[in-house]
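# Remarks on the overall topology
Chain by chain, the residues run as shown.
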Amino acid sequence: MDEANGASLNAGTGPAAKPERGKAVKLVDRVFDQLLERIRAGNYPPDSRLPGEHELASMLGVSRPIVRDALARLRDQGMVYARQGAGTFVSAHGSPAAQLAYSPVKTIADIQRCYEFRLTIEPAAAYFAAKRRDSAALEKIATALADLREATNHQLHRTDADFLFHRAVTEAANNHYYTASMDALKPHIAVGMHLHGLSLLGPRQGLQKVFQEHDEIYRAIADGRADDARDLMKAHLEGSRDRLFEGRVLDLSF
């Protein structure tokens with residue numbers, strides 16, 4: 001159903017309008033189900049802001065009143081909440097990331113294990129991101145990359161921007177298992193990123209090299225070079241791990 005058809009749902013009165021009203025109810029049901037699925041899939045993590053009504057209407061091919069009714073139903077079920085003047089946000093229990101959890105990082109060995117796990121999912125996510133990305137997904141990656149560029153120019157490493165870059169890549173893959181895993185791993189990844197960032201705060205070329213690695217991953221995804229995106233992500237994560245551990249990884253054998 002396109003925007004024009006969605007808008008016509010409110011046209012007409014009396015008996016002739018009843019079938020159109022029925023269509024409106026079905027449209028609200030469809031939009032509600034689509035948004036609920038995206039929230040549960042982890043596309044919109046807890047406390048993240050949903051796109052505005054106009055953007056959602058355009059994305060889903062319906063009118064703004066349809067979107068507004070669907071959002072109201074989500075609010076009634078406690079899946080989202082509104083902030084005055086700020087928009088609609090996902091409730092903490094609305095995403096599976098709130099249910100998925102890993103044991104906290106307690107040792108250096110746990111940091112290494114985290115890198116191992118990331119190496120099994122993030123290169124693959126970068127591969128699919130290059131195949132499935134759209135303009136909105138690329139914009140999110142580019143925004144995080146711009147923050148990393150600014151920090152690098154000021155001889156700083158921003159863990160938040162670094163994580164947002166990697167999460168945006170997994171989001172571009174359009175696979176909620178990747179994004180849910182990244183959200184659950186966020187505090188674990190932050191530990192490794194923080195220590196890795198400290199190891200880069202010496203020679204300027206250290207920070208610059210890491211930024212270039214991110215930039216190359218972005219360009220490969222933007223260009224649709226899936227194999228390159230996968231290989232570049234793998235090399236970036238291995239390089240981060242090796243820089244952090246100074247090339248001496250632990251033997252995790254039993």
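A brief structural summary. (Residues numbered from 1 in each chain as written. Predicted model: local features only at pLDDT ≥ 70, side-chain atom pairs only at ≥ 80, totals over all residues. Heavy atoms only, no water.)

## Some thoughts on the overall build of the protein chain
A count of helical and extended segments in the protein chain gives 10 helices and two strands. A separation threshold of at least 6 residues defines the contact pool for the protein chain, and within that pool the share at least 24 residues apart is 72%. In the structure as shown, the protein chain presents an accessible area of about 13300 Å², 53% of it carried by carbon and sulfur atoms. (Helix = DSSP H or I, 4+ residues; strand = E, 2+ residues; numbered from the N terminus. Contact = heavy atoms within 4.5 Å. Areas by Shrake-Rupley, 256 points an atom, 1.4 Å probe, with all protein chains shown as cover.)

## Examining the packing of aromatic side chains
Applying the stated criterion to the full structure yields two aromatic pairs. Seen in terms of ring centroids, Tyr81 and Phe89 are 5.9 Å apart; in terms of plane orientation they differ by 20°. Their pairing is stacked. Accessibility expressed as a relative area gives 24% for Tyr81, which makes it partly exposed. By relative accessible area, which is 8% here, Phe89 ends up buried. Ring geometry for Tyr127 and Phe128: centres 5.2 Å apart, planes at 90°, overall edge-to-face. For Phe128, a relative accessible area of 26% puts it in the partly exposed group. Between Arg73 and the ring centre of Phe32, over which it is positioned, the NZ or CZ distance is 5.2 Å. (Phe/Tyr/Trp six-rings, centres within 6.5 Å; stacked < 30°, edge-to-face > 60°. Buried < 20%, exposed > 50% of the residue type's maximum accessible area, 1.4 Å probe, protein only. Lys NZ or Arg CZ within 6 Å of the ring centre and 35° of its normal.)

## What to know about the nonpolar core
Of all hydrophobic cores here, the largest spans 24 residues; its most connected members are Ile141, Phe165, Val169, Tyr218, Ile221, Ala229 and Met233. Of all the secondary structure elements, the ones that give two or more residues to this core are helix H5 (108–132), helix H6 (135–153), helix H7 (159–172), helix H9 (204–222) and helix H10 (226–245). By residue number, the principal contributor to this core is H6, which donates six residues. Leu27, Val31, Leu35 and Leu50 belong to the second largest nonpolar core, which has 21 residues in total. (Core = buried A, V, L, I, M, F, W, Y, C linked by side-chain atoms within 4.5 Å.)

## Focus on the packing of H5 against H7
At a closest axis distance of 7 Å, the pairing of H5 and H7 adopts a crossing angle of 60°. As the angle between them shows, H5 and H7 are arranged oblique. In terms of crossing hand, the pair formed by H5 and H7 is left-handed. Contacts from Arg118, Glu122, Ala125, Ala126, Phe128, Ala129 and Arg132 of H5 reach H7 at His166, Val169, Thr170 and Ala172. Class assignment of the residues belonging to the contact of H5 with H7 gives a composition of six nonpolar, two polar and three charged. (Axes fitted to C-alpha atoms, helices over the stretch in contact; angles between N-to-C directions. Parallel < 35°, antiparallel > 145°, perpendicular 65-115°, else oblique. Left-handed = near helix turned anticlockwise from the far one by under 90°. Nonpolar A, V, L, I, M, F, W, Y, C, P; charged D, E, K, R; others polar.)

## Points about the pairing of strand S2 (residues 87–90)
Pairing analysis gives four bridges linking strand S1 (residues 80–83) to S2, with the strands arranged antiparallel. Bridge pairing links Arg83 to Gly87 in S2. With antiparallel pairing between neighbouring strands as the criterion, S1 and S2 make up a hairpin whose turn holds three residues, including Gly85 at a positive phi of roughly 75°. (Pairing = 2+ DSSP bridges.)

## Points about the side chain of Glu122
Mapped onto the elements, Glu122 comes out in helix H5. A polar contact of 2.7 Å, which involves the side chain of Glu122, links it to the side chain of His166. Not counting residues up to four positions away in its chain, the partners in contact with Glu122 are His166, Met182, Met233 and Leu237. (Polar contact = N/O pair within 3.5 Å; in protein donor to acceptor, adjacent residues only side chain to side chain.)

## Focus: the layout of surface pockets
There is about 1200 Å³ of room inside the largest pocket. Every residue lining the largest pocket is counted, 34 residues in all, and those nearest its centre are Asn43, Tyr44, Lys140, Arg167 and Glu171. Each of domain 1 (21–95) and domain 2 (101–245) gives at least three residues to the lining of the largest pocket. Lining the second largest pocket are Tyr102, Ser103, Pro104, Val105, Asp110, Arg113, Cys114, Phe117, Leu185 and His188. Looking at the lining of the second largest pocket, the elements with two or more residues in it are H5 and helix H8 (176–200). Per-element tally for the lining of the second largest pocket: the top contributor is H5, with four residues. Residue composition of the lining of the second largest pocket, by class: six nonpolar, two polar and two charged. (1 Å grid on protein atoms, 1.4 Å probe; cavity = no way out; pocket = protein on both sides within 12 Å on 5 of 7 lines; lining within 4 Å. Points joined across faces, edges and corners; volume = space filled by probe spheres on them. Domains from an automatic or database assignment.)

Such coordinate-based values are descriptive only and should not be taken to indicate function.
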